[in-house]
Amino acid sequence: MVQDRSFASRLFDVVNYTLLALFAMITVLPFIYVIAVSFATPEEVARRGFILFPTEFSLSAYKYIFSTNTLTRSLIISIYVTVVGTIINLICTSLMAYPLSKRHLRMRSGLLLMVLFTMLFSGGMIPTYFVVKAVGLTNTLWALMIPNAISAFNLIVLKNFFQQLPEGVEESAKIDGANDLTVLTRIVIPLSLPAMATLSLFYAVGHWNTFFSAILYINDPTKWPLQVMLREIVIMNQDNFGYSNEIDPTEFHPITIRMAVIVFATVPILLVYPFLQKHFAKGALLGSVKG
Amino acid sequence: MKEETRAVNQAIETIDHPLDIKRPSMWRDIVRDRWLYLMLVPGVLYFLIFKYGPMWGLVIAFQDYKPYFGVLNSEWVGFAHFIRFFSEDQFWILFRNTAMLALYNLTFAFPAPIILALMMNEVRVALFKRTVQTLVYVPHFVSWVVVVGIFYMLLTTEGGIINELIVMMGGEKIPFLLSSDWFRPLITMQTIWKEAGWGTIIYLAALAGVDPQLYEAARIDGAGRWRQMWHITLPGIRSTIVILLILRMGDFLDTSFEQVFLMLNTMNRDVGEVFDTYVYTRGMTQAQYSYSAAVGMFKSVFGLVLVLGANWLAKKFGEEGIY
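Rules of the game
Residues numbered from 1 in each chain as written. Chains lettered and ligands numbered in written order. Predicted model: local features only at pLDDT ≥ 70, side-chain atom pairs only at ≥ 80, totals over all residues. Heavy atoms only, no water. Helix = DSSP H or I, 4+ residues; strand = E, 2+ residues; numbered from the N terminus. Contact = heavy atoms within 4.5 Å. Areas by Shrake-Rupley, 256 points an atom, 1.4 Å probe, with all protein chains shown as cover. Buried area = accessible area lost by both parts, 1.4 Å probe. Polar contact = N/O pair within 3.5 Å; in protein donor to acceptor, adjacent residues only side chain to side chain. Nonpolar A, V, L, I, M, F, W, Y, C, P; charged D, E, K, R; others polar. Salt bridge = Lys/Arg side-chain N within 4 Å of Asp/Glu carboxyl O. Buried < 20%, exposed > 50% of the residue type's maximum accessible area, 1.4 Å probe, protein only. Axes fitted to C-alpha atoms, helices over the stretch in contact; angles between N-to-C directions. Parallel < 35°, antiparallel > 145°, perpendicular 65-115°, else oblique. 1 Å grid on protein atoms, 1.4 Å probe; cavity = no way out; pocket = protein on both sides within 12 Å on 5 of 7 lines; lining within 4 Å. Points joined across faces, edges and corners; volume = space filled by probe spheres on them. Core = buried A, V, L, I, M, F, W, Y, C linked by side-chain atoms within 4.5 Å. pLDDT = per-residue confidence, 0-100. Expected span 1.5 Å × (residues − 1). Phe/Tyr/Trp six-rings, centres within 6.5 Å; stacked < 30°, edge-to-face > 60°. Lys NZ or Arg CZ within 6 Å of the ring centre and 35° of its normal.

1. Examining the overall build of chain B
The helix and strand inventory of chain B stands at 19 helices and 2 strands. Taking the intrachain contacts of chain B between residues at least 6 apart in sequence as the baseline, contacts between residues at least 24 apart amount to 65%. Within the structure as shown, chain B displays about 17,100 Å² of accessible surface, and the carbon and sulfur contribution to it stands at 65%.

2. Here's the deal with the interface of chain B and chain A
At the interface, 88 residues of chain B touch 93 residues of chain A. Sorting the residues of chain B by area buried against chain A places B:Met39, B:Phe141 and B:Met153 first, and these three jointly supply 9% of that buried surface. At the junction of chain B with chain A, the criterion picks out 18 residue pairs in polar contact (both at pLDDT 80 or more). For the side of chain B that touches chain A, the element with the highest residue contribution is helix 4 (residues 34-57) of chain B, accounting for 19 residues. Along the lines of polarity and charge, the residues of the side of chain B that touches chain A split into 63 nonpolar, 13 polar and 12 charged.

3. With respect to the pattern of salt bridges
Using the criterion set out here, one finds 12 salt bridges over all chains in the structure. Among the ionic pairs, A:Asp13 bridges to B:Arg225, the shortest N-O distance being 3.1 Å. Placement of the pair is A:Asp13 in helix 1 (residues 7-38) and B:Arg225 in helix 14 (residues 225-236), with the two residues belonging to separate chains. Assessed through its relative accessible area of 16%, A:Asp13 is described here as buried. The partner of B:Asp64 in a salt bridge is B:Lys66, with the nearest N and O atoms 3.8 Å apart. In the salt-bridge network here, residues are joined through shared partners; they are A:Arg106, B:Asp29, B:Arg32 and B:Asp33.

4. Here's the deal with the packing of helix 7 (residues 152-163) of chain A against helix 10 (residues 193-208) of chain A
All names here are of chain A. Where helix 7 meets helix 10, the axes come as close as 11 Å, and the angle between the chain directions of the two elements is 175 degrees. With respect to helix 10, the element helix 7 is oriented roughly antiparallel. Of helix 10, the residues touching helix 7 (which contributes Asn154, Leu158 and Phe161) are Ala195, Met196, Leu199 and Tyr203. Among the residues forming the contact of helix 7 with helix 10, the class breakdown is 6 nonpolar, 1 polar and no charged.

5. Let's talk about empty space enclosed by the protein
Throughout the structure, instances matching the rule amount to 4 cavities of 30 Å³ or more. Taken as a whole, the second largest cavity spans an internal volume of roughly 50 Å³. As for the second largest cavity, its lining consists of A:Phe31, A:Val34, A:Ile35, A:Ile262, A:Val263, A:Thr266, A:Val267, A:Leu270 and B:Ile150. Where the lining of the second largest cavity is concerned, the elements lending two or more residues are helix 1 and helix 13 (254-286) of chain A. If one sorts the elements of the lining of the second largest cavity by residue count, helix 13 of chain A sits on top with 5 residues.

6. Quick word on the nonpolar core
A:Ile65, A:Met96, A:Phe162, A:Phe212, B:Phe47 and B:Phe85 are the most contacted members of the largest nonpolar core, which totals 174 residues. Of the residues forming this core, the biggest block, 12 residues, is contributed by helix 4 (residues 70-100) of chain A. Core analysis: the next-biggest nonpolar cluster, separate from the first, contains 7 residues, B:Ile246, B:Met249, B:Val307 and B:Ala310 among them.

7. Comments concerning the confidence of the model for chain B
Across chain B, pLDDT averages 86, with 89% of residues at or above 70. Scored as a whole, the predicted complex attains pTM 0.86, and scored at its interfaces, ipTM 0.88.

8. Some words on the side chain of A:Ser38
When you line up the elements, A:Ser38 lands in helix 1. At 2.7 Å, the side chain of A:Ser38 forms a polar contact with the side chain of A:Tyr62.

9. Quick word on helix 7 of chain A
All names here are of chain A. Compared with an ideal rise of 1.5 Å per residue, which puts 12 residues at 16 Å, helix 7 spans 16 Å between its outermost C-alpha atoms and is within 8% of the ideal. By the criterion of burial, helix 7 is predominantly enclosed, with 10 of the 12 residues buried. Turning to helix 7, its buried residues are Ala152, Asn154, Leu155, Ile156, Val157, Leu158, Lys159, Asn160, Phe161 and Phe162.

10. Things to note about the packing of aromatic side chains
Inspection of every chain in the model, using the stated rule, returns 47 aromatic pairs over all chains. Taking 5.3 Å as the distance between ring centres and 65 degrees as the angle between the ring planes, the aromatic pair formed by A:Phe212 and B:Tyr280 counts as edge-to-face. With A:Phe212 in helix 11 (residues 212-217) and B:Tyr280 in helix 18 (residues 275-285), the pair connects residues from two separate chains. Each member of the pair, A:Phe212 as well as B:Tyr280, is classed as buried. Pairing B:Phe85 with B:Phe298 gives two aromatic rings, centres 6.1 Å apart and planes at 65 degrees, and the pair type is edge-to-face. Of the two residues, B:Phe85 is situated in helix 6 (residues 80-87) and B:Phe298 in helix 19 (residues 289-316); the sequence distance between them amounts to 213 residues. Owing to a relative accessible area of 1%, B:Phe85 belongs among the buried residues under this scheme. Classification of B:Phe298 as buried rests on a relative accessible area of 16%. In textbook terms, an aromatic cluster arises when at least three aromatic residues are bridged by ring pairs, as seen for B:Phe85, B:Phe86, B:Phe91, B:Trp92, B:Phe95, B:Phe275, B:Tyr278, B:Tyr291, B:Phe298 and B:Phe302. A cation over an aromatic ring shows up here: B:Arg84 above the ring of B:Tyr291, its NZ or CZ 3.9 Å from the ring centre.

Encoded structure:
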């Protein structure tokens, strides 16, 4: 491509690159700040307000938040809900998406309409609460998984993905006597691993970040996932959650503790992010296929 | 001779149209696809119970629902809850707050990813582009609790870095988090910070689909970069913009409920209370089930009308629409 090398064009480039770099900085700086403060000593936080790199490295905030098992317990709950919830999501979504991808299936368009309509209209918070309660899920961790077992959007995305797979392989397997379930688990899903990876990412992030469902359906604080604890501590200022005699109260600063809790709730996502990054850009576009 | 012909014809006919193909019976199809139908069972049950169950549950909006009596024995009151809601001042406050937030988001947060994508599209250094992309996607995966939490830590008057800087420069502390004036700008800024980067993905894909020959031709005709952007790039992604706008119209009323819920406090409730948070306060904390279900139903119906309306409008202007 021939490049435009006029002065105006170069100026445009300079401004463009600067603004983009600035936006990227604004995105990242808050994270760096939070991480830096969480590792700073209480004195340093009191002395200098803005820390991007602590001069003295301290783990006191982390010692404090692990001094009782409140946060550890909610971490385990979050991991459990994320893993089990995502498995439920993947099983239910692919089981339903596969039959719907078969054009010859009777009642297919009716079922698709049923799914699509739920994307446009919903009963709302109160009736949904009563349904979840009637089914007996309130105050159990199932309330965080079962009522979101299938996302209509992800279902349609996966159905479209299945639909564009070549049919030849499936048919030859069926001639060899395999039933549809075997075809799905042995042939179709192995062929759809990129789509399944993206779907798991979206579902898993949704479960990890789940917050309002827990507020709505779970009253028992011992069953709260991490995000709810995070809100209690950071936004509602309830930071007297963990207090053990082994910790010297002068050793910590409320700000460093809150920062440490934020880091604690964010790091798992930041850890998996680089590994999944190459998948999700494609995945985000899966949904844009019409059908 | 005649009979022979008839027999032959009959034979041919049976060969050409074996019985089951001639009259494909529904029962036969269902038996053939029995595994497929079996696989549908959990999903269909899920949608019936957790999506259509609550829709049926909306009947309580027309009742004076008491959990003790259940849906079947509660008293029917017709549209009383709706009439009460529409005649209250609260209705207009909620409507104004929701519409203002939506307007802020539509004006500032909706164009942000488009502008960002256009800027990224002009970048020729691949490494720079990749780095920026990697960084700006991150906040999308972080929960609203974390985003609001970070904003709280930065903006609080008790040692928040922004207020410390303001004081250092000789200003006075601003109670951002407790101020009605700052509520809407903060919500919009958070939305941009969290979602603008992620939003570029779909536009960048659309931009990649624009025919490079068009740029070539424009350059030969002497068009500069601005004119190329205006006459080629933007028209190239117009239909993407329209489709996303329609989708956005759908959650005009309930977008980022968690975010608003987390940002709400007694000091900014006058501008921050929206339909969903009102439903939660009235329904879950004050146990006015029927009334709050009616408010929620109004919101759902209104949302449906908005999506269908936006879709109709898009088709009217010659765009593709989504339904």
